[in-house]
Amino acid sequence: MTTILVTSRSFGGGRADLVTDLVGRGHHLVRGPSDHQLDALVEPLAAADAWIAGTGPVTAAHLDAGPGLRVVARYGVGFDAVDVAAATSRGIAVTNTPGANTEAVADHAVGLMLAALRKTVAGDRRVRQGEWDVVERGHELGALTVGIVGFGRIGRGVAARLGGFGSVVLATDPMLTADELEAAGVSAASFDELAARCDLVTLHAPGGRTLVDERWLGRLARPPVLVNTARADLVDEPALATALREGRVAAYAADTLSDSSSARSPLLDPALADRVTVTPHAGAQTWEAVDAMGRGAVENVLAVLAGRRPPNLVNTWSPDPAGHPPARDERSGS
C-alpha cells in the first residue's frame, strides 16, 4: 500500500469523490496542514510515497524528511513555492495542473473588476447601515481601456470575457511577440505603456518580481483600477497604499495579499476600505475547478506511482524503464 500525503485544503472537496477512488485503488491518504509547517509534516512525510501539495513551501528540508517521496503533485498551476531543483536532484517528479482553474480565475478577475468599478462592497456596507444615497458613480467596463499583464491561459480567458463587454484590450507578456499578441486579438503594449494608456490593469503574471512599484505608479496618466488574482509579490503594497491615499490609483481589487495570515498589509487600513476589495484566495474555488485540479493531481500521482511519465511534469524526471520504483533505502541518501 502506498501513502499519499495531502496538504491541499480543498482536495476532495468538490463533487468528484477522489478520496474514495484513491482508497479503492489501495492507497492510504494522510492529511497535513496547508501551510506546510515542517514540524507538523516530518512524521507524515517519512511515510509518504506521493505528496499532493497545497500553496505552502516545499523546500529541500521537506524533501529530506520524505526519503520515499516519488512525486510532489502541486494542486494548481503555480509551482514557484516548490524547490524544483532540490526535487530533481533527489529523483522526485514535480507536477502541476495547468488549465484546471483557468475559467474560474478568469471569471473571478472580471468579477473583481466590476466590484471595484461599481463600488459594490462599499455600497453594500452603506445599505446595511440604512444609507441608500449613491455617493459616487461608477464606470462601465466596456467604456474602458484594459491592460492585461501576462497573456497565458488566464490572461487569454480574461481577454475573451472583456471582448463581450466591448473593452479596448492591451496586453503585455515577455514570452510573446507583438505579432503573437495581435493575432490573439489584443493590442501589444509594454508594461510602462499600460500605465500611460489604461483605465484598468489586471495582473496575471507569475510571481517572483515586483511590477507595480513606485516607479511604475509614478508613470500613471490617470487613476486606474488595479486587479490582482495572481501573486501578492507583484505589488509593492506600501507604495500602492500611498498611491490609493493620494488618489493616484482609483481602486485595488485582489485575491491575494503579501501576508494573508494577518491584517498587517497596509492595504487593509480601514481608511482604504472603500477603495480596496480583497477576497480570500477564492479565485480557483469553484466546484468545477476543484474537481479539475483534483483529477489532474491524482492523474499525475498515479502515473508516477505506476512508473509512467505524468501528463503535467514540470521538471526533468524519467520513470524507471522497468516500471518499478527504486527501493526506499536506495532513495534515503539522495
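Residues numbered from 1 in each chain as written. Predicted model: local features only at pLDDT ≥ 70, side-chain atom pairs only at ≥ 80, totals over all residues. Heavy atoms only, no water.

Put simply, the test is: UniProt positions are given in the numbering used here, feature names are shortened, and annotations may be inferred rather than shown by experiment.
The chain is annotated in an unreviewed UniProt entry as NAD(P)-dependent oxidoreductase from Georgenia alba. Quoted verbatim from the Sequence similarities (unreviewed entry) field of the UniProt record, the comment on the chain reads "Belongs to the D-isomer specific 2-hydroxyacid dehydrogenase family."

Examining the sheet that holds strand 10 (residues 225–228)
Note: strands within a sheet are paired through backbone hydrogen bonds, in either parallel or antiparallel orientation. The cut-off we apply is this: Only strands that DSSP links by at least two bridges are regarded as paired with each other. In this text, helices come from DSSP runs of H or I with a minimum length of four residues, and strands from runs of E with a minimum of two, each type numbered from the N-terminal end. Residues are treated as being in contact if the distance between any of their heavy atoms lies within 4.5 Å. Think of each axis as a best-fit line through the C-alpha atoms, taken over the contacting stretch in the case of a helix, with angles from 0 to 180 degrees between the N-to-C directions.
Read across the open sheet, the seven strands follow the order 8-7-6-9-10-11-12; overall the sheet is parallel. Each edge of the open sheet is held by one strand with a lone partner, namely strand 8 (187–188) and strand 12 (276–278). In this fold helix 5 (residues 102–117) packs onto strand 9 (200–203), strand 10, strand 11 (251–254) and strand 12, with an angle of close to 150 degrees to the strand it touches most, strand 10.

Overview of helix 11 (residues 237–245)
This is how it is decided: Each residue gets one of three labels from its accessible area relative to the maximum for its type: buried under 20%, exposed over 50%, partly exposed in between, using a 1.4 Å probe on protein chains only. Pairs of N or O atoms are called polar contacts if they sit within 3.5 Å, as long as, within protein, a hydrogen donor faces a hydrogen acceptor (for residues adjacent in sequence, only side-chain-to-side-chain pairs).
Glu237, Ala239, Leu240, Ala241, Ala243 and Leu244 are the residues of helix 11 that are buried. At its buried positions, helix 11 is contacted by helix 10 (214–217), strand 10, strand 11 and strand 12. One side-chain oxygen of the residue at the start of helix 11 lies 3.2 Å from the amide nitrogen of Ala239, identifying that residue as Asp236.

Here we look at the environment of Asp233
Relative to the helices and strands, Asp233 resides in the loop between strand 10 and helix 11. Along the sequence, Asp233 and Thr7 sit 226 residues apart, while their C-alpha atoms lie 23 Å from each other. When neighbours within four sequence positions are excluded, Asp233 is seen to be in contact with Gly207, Gly208, Arg209 and Thr210. For Asp233, the side chain forms a polar contact with the main-chain nitrogen of Gly208, separated by 2.9 Å.

Let's talk about the sheet that holds strand 5 (residues 93–95)
Judged by pairing direction, the sheet is parallel, and its five strands sit side by side in the order 2-1-3-4-5 without closing on themselves. Whereas interior strands pair on both sides, the edge strands pair on one side only; in this sheet they are strand 2 (27–31) and strand 5. Pairs of neighbouring strands in the sheet enclose a mean axial angle of 20 degrees, with direction left out of account. Relative to strand 4 (residues 71–74), strand 3 (residues 50–53) is paired through four bridges, and the arrangement is parallel. Opposite Trp51, over in strand 4, you have Val72 as the bridge partner. Across the sheet, helix 2 (residues 38–47) is in contact with strand 1 (2–6), strand 2 and strand 3; its angle to strand 1 comes to roughly 150 degrees.

So, the packing of aromatic side chains
Put simply, the rule is: Each pair of aromatic rings taken from Phe, Tyr and Trp, with Trp reduced to its six-membered ring, is defined by centres within 6.5 Å and is described as stacked if the planes are under 30 degrees apart, edge-to-face if over 60, and tilted in the remaining cases.
By the definition in use, this model includes two aromatic pairs. With a centroid separation of 6.1 Å and an interplanar angle of 75 degrees, the aromatic rings of Phe11 and Tyr75 are classed as edge-to-face. Of this pair, Phe11 sits in the loop between strand 1 and helix 1 (18–24) while Tyr75 sits in the loop between strand 4 and helix 4 (84–89); the two residues are 64 residues apart in sequence, bridging distant segments of the chain. Using a relative accessible area of 2% as the deciding quantity, one classes Phe11 as buried. An angle of 10 degrees between the planes, with centres 4.7 Å apart, marks the rings of Phe191 and Trp216 as stacked. Within this pair, whereas Phe191 is found in helix 9 (residues 191–197), its partner Trp216 is found in helix 10, the two being separated by 25 residues in sequence. Its relative accessible area of 0% is what places Trp216 among the buried residues.

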